[in-house]
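Residue-level structural notes
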Amino acid sequence: QVQLVESGGGLVQRGGSLRLSCTASRMIFSIYIMKWYRQAPGEQRELVATITPGGGTNYADSVKGRFTISRDNAKNMVYLQMNSLKPEDTAVYYCRATHPTTNWDYWGQGTQVTVSS
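Okay, so let's go over this structure. Residue positions are given per chain, counting from 1 as you read along its sequence in written order. Selection of residues for local features in this predicted model requires a pLDDT of at least 70, selection of side-chain atom pairs for listing and counting requires 80 or more, and totals for whole chains, interfaces and linings are taken over all residues. The side-chain quantities take in all heavy atoms of the structure and omit both hydrogens and water.

What about the nonpolar core?
Put simply, the rule reads: Here, the term nonpolar core denotes a set of buried Ala, Val, Leu, Ile, Met, Phe, Trp, Tyr and Cys residues that are joined through side-chain atoms within 4.5 Å. We call a residue buried when its accessible area falls under 20% of the maximum for its residue type, exposed when it is over 50%, and partly exposed in between, using a 1.4 Å probe and counting protein chains only. Only DSSP runs of H or I with at least four residues qualify as helices, and only runs of E with at least two residues qualify as strands; both kinds are numbered from the N terminus onward. Whether two residues are in contact is decided by their heavy atoms, any of which lying within 4.5 Å being enough.
Residues Trp36, Leu80, Met82 and Tyr93 are the most contacted members of the largest nonpolar core, which totals 30 residues. Elements supplying a minimum of two residues to this core: strand S3 (18-25), strand S4 (33-39), strand S5 (46-51), strand S7 (67-72), strand S8 (77-82), strand S9 (91-98) and strand S11 (111-116). With near-sequence residues (within four places) excluded, tyrosine 93 lies in contact with Glu6, Leu20, Trp36, Tyr37, Arg38, Val48, Phe67, Leu80, Met82, Gly110, Thr111 and Val113.

Examining the environment of lysine 64
Along the chain, lysine 64 turns up in the loop between strand S6 (57-59) and S7. Note: C-alpha distance between lysine 64 and valine 48 (16 residues apart in sequence) is 9.2 Å.

Quick look at the environment of valine 115
If you trace the backbone, valine 115 turns up in strand S11. We classify valine 115 as buried; its relative accessible area is 5%. Filtering out sequence-adjacent residues up to four positions away, valine 115 remains in contact with Val12, Gln13, Arg14, Leu85, Lys86, Pro87, Asp89 and Thr90.

Some remarks on the pairing of S9
The two faces of the sheet receive side chains in turn, since in a regular strand these alternate between them. Where we set the bar: A strand pair is defined by DSSP finding two or more bridges across the two strands.
Of all eight residues that make up S9, seven are buried, and the element is covered over most of its length. Where S9 and S11 come together, three bridges link them in antiparallel fashion. Bridging from a neighbouring strand, valine 92 pairs with glutamine 112 of S11. In this sheet, strand S10 (residues 105-107) lies alongside S9 in antiparallel orientation, the contact comprising three bridges. Bridge pairing links arginine 96 to tryptophan 107 in S10.

Focus: the environment of threonine 50
Its location among the elements puts threonine 50 in strand S5. Not counting the four nearest positions on each side in its chain, threonine 50 is found in contact with Ile33, Met34, Lys35, Gly56, Thr57, Asn58 and Ile69.

Considering the sheet that holds strand S1 (residues 3-7)
Formally: A fitted line through C-alpha atoms serves as each axis, taken over the contacting stretch for helices, and the angle formed by two N-to-C directions is quoted from 0 to 180°.
The antiparallel open sheet is built from four strands, whose spatial order is S1-S3-S8-S7. If you trace the sheet from one side to the other, it starts and ends with S1 and S7, each paired once. If you compare each strand with its neighbour and ignore which way they point, the axes differ by 15° on average. In terms of strand pairing, S3 meets S8 through six bridges, oriented antiparallel. Counterpart to threonine 23 in the pairing with S8 is methionine 77.

Observations concerning the pattern of salt bridges
Threshold: When a carboxyl oxygen of Asp or Glu is within 4 Å of a side-chain nitrogen of Lys or Arg, the pair counts as a salt bridge.
Evaluation of the coordinates by the stated rule reveals five salt bridges. Aspartate 89 is the salt-bridge partner of arginine 38, the closest N and O atoms lying 2.9 Å from each other. Note that arginine 38 is positioned in strand S4 and aspartate 89 in the loop between S8 and S9, a separation of 51 residues in sequence. Accessibility expressed as a relative area gives 6% for arginine 38, which makes it buried.

Structural data, given as structure tokens:
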């Protein structure tokens, strides 16, 4: 069974940085499109960043220039480097893996990020 496990969340002050990690297992990681989402209390889950198997990236306007998504196919990991954090970045962050042709789709359990003002 495919597993995605996020880590790296925590409490940080405004302007600080965090690096989230998502470790995948029991899948051919390199062929999956990997995404980071976040969900704040009372809000809908929103797409934050995407990285394709080839390394192409895309970001939500709200995080462009502050967040960087990357992947290490040898380690089956995807990362989200978050800099210049703001209180409005507070949310549970989830990683998602989507197979590009079969649409097999998997989610992690989430990691909490809290940015204090």
